[in-house]
Amino acid sequence: MIVMLAVLATTASACSLSFGDDANGGDGVGLSTATSSEPIDAGKEPVAAVVDRVLPSVVNVTTDVYQADGSSGQGIGTGFIVREDGVIVTNCHVVEGGSRLTVFLSDEDRTEYEARLIGADCLNDLAVLDIDEQGLPTVSLGDSEGLRLGQRVVALGYALGLEGGPTVTTGIVS
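Since we're looking at a predicted model, the values are computed, not measured. (Residues numbered from 1 in each chain as written. Predicted model: local features only at pLDDT ≥ 70, side-chain atom pairs only at ≥ 80, totals over all residues. Heavy atoms only, no water.)

## Some thoughts on the state of the cysteines
One pass over the full model with this rule turns up 1 disulfide. Bridging Cys92 to Cys122, the disulfide has an S-S length of 1.7 Å. A residue pair is termed long-range when its members are at least 10 positions apart, and Cys92 in helix H3 (residues 92-95) and Cys122 in the loop between strand E7 (112-121) and strand E8 (126-130) qualify at 30 residues. Using a relative accessible area of 39% as the deciding quantity, one classes Cys122 as partly exposed. (Disulfide = S-S within 2.5 Å. Helix = DSSP H or I, 4+ residues; strand = E, 2+ residues; numbered from the N terminus. Buried < 20%, exposed > 50% of the residue type's maximum accessible area, 1.4 Å probe, protein only.)

Here's what the structure looks like:
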């Protein structure tokens, strides 16, 4: 549950989805991402359109965690690519105490990369990773000041390390 809430928080800050008529006479469904500035197809289901647009930028993050008592485990979570050169934002609790960081892309082949921790702010549960790759799909960070109470949001990620790929859910800003 905590991971899904973290995914919701990072996804909500990563993309802005709005519904309703826009001032330009369009369908009024919009999403802000760095990969495309084209409007979402009016004939498409809005949530599916968000998934189509954002999913290439969503990654699965895993880490090997070794405890002081000698036991080991694995941290699993979601991140998203914010720069074409492999910079990824995730949650600190996913990578905290981890020794080996691995990132899987959402592509068809689930391309795997070794990742490096660039920095972390565990008080705010944020971490930044880097992978050696260029030309990656990105999603831009949103401006939380533009969010409104009751606005619809979409959460997209790898909730609780579930097998079978990413999950998606919707909700409202509350």
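## Points about the sheet that holds strand E4 (residues 72-83)
Here we have 6 strands rolled up into a closed barrel, ordered E3-E4-E5-E8-E7-E6, and antiparallel in their pairing. Pairwise comparison of adjacent strand axes, ignoring direction, gives a mean angle of 40° for this sheet. Looking at chain direction, strand E5 (residues 87-90) and E8 are connected through 4 bridges and run antiparallel. From the neighbouring strand, Thr90 faces E8, where its bridge partner is Ala127. (Pairing = 2+ DSSP bridges. Axes fitted to C-alpha atoms, helices over the stretch in contact; angles between N-to-C directions.)

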